[in-house]
Amino acid sequence: MSEAITNVPDWRVTLDGKDLTERMRPRLVSLTISEKRGDEADQLDIVLDDTDGGLAIPKEGALLRVQLGWKQGRDVTPGLIDKGSYKVDDVSHSGPPDQIRIRARAADFTSQIRNRREQSWKNTTLGAVLQDVAGRNSLTLKVAADLAAIALPSISQSRESDVAFLRRLGRENDAVATIKDRHLIFARKGAGTTAGGNALPTLTLTRRSGDGHNWQRQKRDGQEGVTASWHDRKGAKRKTVTVGKADNAKKLRKVYPDEVSAKRAAIAERDRLKRAPATLDLNLVLGRPDAYPECRVSASGYKDEIDATTWLVSEVTHRLDNGSGYITDLRMETAP
């Protein structure tokens, strides 16, 4: 018996809570989920066969929930893993052969979170600011204690959406703001936690796990220091603070409201520059539903430089179709 027959993928789709799996199963052409890190919305694409004209077009805003996994197999772990909820955005019908294509995006990314806002905070903490953002978007905040305690003498959200504001807070603190399953998770880059606050597993992948890989190392820019500017209100002038080597230091364009904020942003950027600028893409012949952005990966069976590195998943694409089964593509960078 061939491996393609032995390893049988499984999936489940509900529409507004109604299980459509068995109705969809004979019609499924493909199902693709793209999971991204930080402020980018996850995306679901489904293509269904409608040659008999028996399918109804789903309404805009309909809620799809998807689970992926394996029914059986000698090289896989049977069971389904929840991959989240998605609101239907775009639908098309084409032919022949007649097909319905459905595109849906993560339900957590509402239009409200993308609206521009104006707000200022003084003498507060990063945790308090994040709580305000989470609260007005009906999200539950999960933030590490050390990050929540960071003092913010002053900070402003000026004509920025909450998504853009969270991206900036993450960049200035070498952290990642992720919205998953009605949770706002703010964590150090590479900390890797689920919406419930549990640590994501480290995946162990061997050369036989995939049928393709691409590793690339880029030349370092030689900068070992970062300079940030801040506005001294008392002295009514601009000052700078440098972290690391001053010679050939990278200069941040933003002017920060105080020295503490400027130094913290400089440290975050210095830490980012220190990471080895290498990437690794893997195409896994047997899909891994337990792979998520921010998972750590240990690879073996490649070159020494690849095997010796701990990798951090930045993007995952799950693809299930009626021809090639269930495969997963991983995009990774060097872990902190």
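Rules used in this analysis
Residues numbered from 1 in each chain as written. Predicted model: local features only at pLDDT ≥ 70, side-chain atom pairs only at ≥ 80, totals over all residues. Heavy atoms only, no water. Helix = DSSP H or I, 4+ residues; strand = E, 2+ residues; numbered from the N terminus. Contact = heavy atoms within 4.5 Å. Areas by Shrake-Rupley, 256 points an atom, 1.4 Å probe, with all protein chains shown as cover. Lys, Arg positive; Asp, Glu negative; His and termini not counted. Charge placed at Lys NZ, Arg CZ, Asp CG, Glu CD. Pairing = 2+ DSSP bridges. Axes fitted to C-alpha atoms, helices over the stretch in contact; angles between N-to-C directions. Buried < 20%, exposed > 50% of the residue type's maximum accessible area, 1.4 Å probe, protein only. Parallel < 35°, antiparallel > 145°, perpendicular 65-115°, else oblique. Left-handed = near helix turned anticlockwise from the far one by under 90°. Nonpolar A, V, L, I, M, F, W, Y, C, P; charged D, E, K, R; others polar. pLDDT = per-residue confidence, 0-100. Core = buried A, V, L, I, M, F, W, Y, C linked by side-chain atoms within 4.5 Å. Domains from an automatic or database assignment. Phe/Tyr/Trp six-rings, centres within 6.5 Å; stacked < 30°, edge-to-face > 60°. Lys NZ or Arg CZ within 6 Å of the ring centre and 35° of its normal. Polar contact = N/O pair within 3.5 Å; in protein donor to acceptor, adjacent residues only side chain to side chain.

Looking only at helices and strands, one finds 7 helices and 21 strands in the protein chain. In terms of principal-axis extent, the alpha carbons of the protein chain reach across some 75 × 50 × 35 Å. In the protein chain, of all internal contacts separated by at least 6 residues, the share reaching a separation of at least 24 is 64%. Counting every atom, the protein chain has about 17300 Å² of accessible surface; 46% of that belongs to carbon and sulfur. Here the protein chain holds 56 positive side-chain charges and 47 negative ones, and the gap between their average locations is 6 Å.

Overall, mixed pairing links the 3 strands, which are arranged β9-β12-β11 in an open sheet. Both outer strands of the open sheet, β9 (140–143) and β11 (175–180), are each paired with one neighbouring strand and no more. Across this sheet, the average inter-strand angle for adjacent strands is 15°, counted without regard to direction. Direction of pairing for β9 relative to strand β12 (residues 183–188): parallel, over a ladder of 4 bridges. By the bridge assignment for β12, Lys142 is matched with Ile185.

Here we come to helix α3 (residues 126–136). Restricting attention to buried positions, one finds in α3 the residues Leu126, Gly127, Val129, Leu130, Val133, Ala134 and Arg136. Residues of α3 that are buried sit in contact with β8 (116–125), β9, α4 (145–148), β10 (151–161), α5 (162–172) and β12. Positive phi shows up at Ser138, right after α3, with a value of about 55°.

Before going further, it helps to examine the packing of α3 against α5. Relative orientation of the contacting elements α3 and α5 amounts to 155°, with a least axis distance of 11 Å. The orientation of α3 relative to α5 falls into the category roughly antiparallel. Here α3 runs over α5; the crossing is left-handed. Contacts between α3 and α5 involve Leu126, Val129, Leu130, Val133 and Arg136 from the first element and Asp162, Phe165, Leu166 and Leu169 from the second. The residue makeup of the contact of α3 with α5, split by class, is 7 nonpolar, no polar and 2 charged.

So, on to the confidence of the model for the protein chain. Detailed reading of predicted coordinates is not advised where the pLDDT is low. Scored by pLDDT, the protein chain comes out at a mean of 86, with 93% of its residues at no less than 70. When pLDDT is averaged over each helix and strand of the protein chain, the minimum, 56, is found for helix α1 (residues 3–6) and the maximum, 95, for strand β4 (residues 43–49).

Of all the 6 residues making up β11, 5 are buried; the element is thus mostly covered by neighbouring parts of the structure. Here β11 pairs with β12 via 6 bridges, running antiparallel. Its bridge partner lying in β12, Ala177 is registered against Phe186. In sequence, β11 turns back onto β12 through a hairpin of 2 residues, with Asp181 there showing a positive phi of about 50°.

Formed by 24 residues in total, the largest nonpolar core has its most connected members in Trp11, Leu31, Leu44, Ile46, Leu64, Val66 and Leu68. For this core, the elements supplying multiple residues, two or more each, are β1 (8–15), β3 (28–36), β4, β5 (63–72), β6 (79–94) and β7 (99–106). Per-domain counts for this core show at least three residues from each of domain 1 (8–106) and domain 3 (202–218 + 277–334). Excluding its chain neighbours within four sequence positions, the residues that come into contact with Ile46 are Met24, Leu28, Ser30, Leu31, Leu64, Ile100, Arg101 and Ile102.

Regular strands have side chains that alternate between both faces of the sheet. Sheet topology places β4 next to β7; 7 bridges connect them, and they run antiparallel. In the sheet register, Leu48 faces β7, and the bridge partner there is Ile100. Pairing analysis gives 8 bridges linking β6 to β7, with the strands arranged antiparallel. Its bridge partner lying in β7, Ser94 is registered against Gln99. Linking β6 to β7, which pair antiparallel, is a turn of 4 residues.

Attention now moves to the packing of aromatic side chains. Summed over all chains, the structure comprises 2 aromatic pairs. The interplanar angle of 0° and the centroid separation of 5.5 Å between the aromatic rings of Trp121 and Phe165 together place this pair among those described as stacked. Placement of Trp121 in strand β8 and of Phe165 in helix α5 is noted, with a sequence separation of 44 residues between them. Take Trp121 and Phe165: they sit in the same class, and that class is buried. Note that Arg25 overlies the ring of Trp11, its terminal NZ or CZ placed 5.1 Å from the centroid.

Here Gln99 shows up in strand β7. Given the relative accessible area of 16%, Gln99 is considered buried. Measuring from C-alpha to C-alpha, the distance between Gln99 and Gly287 comes to 25 Å, with 188 residues separating the pair along the chain. Ignoring anything within four residues of it in the chain, the contact list for Gln99 reads Val29, Val47, Leu48, Asp50, Ser92, His93 and Ser94. A polar atom in the side chain of Gln99 sits 3.3 Å from the side chain of Arg101.

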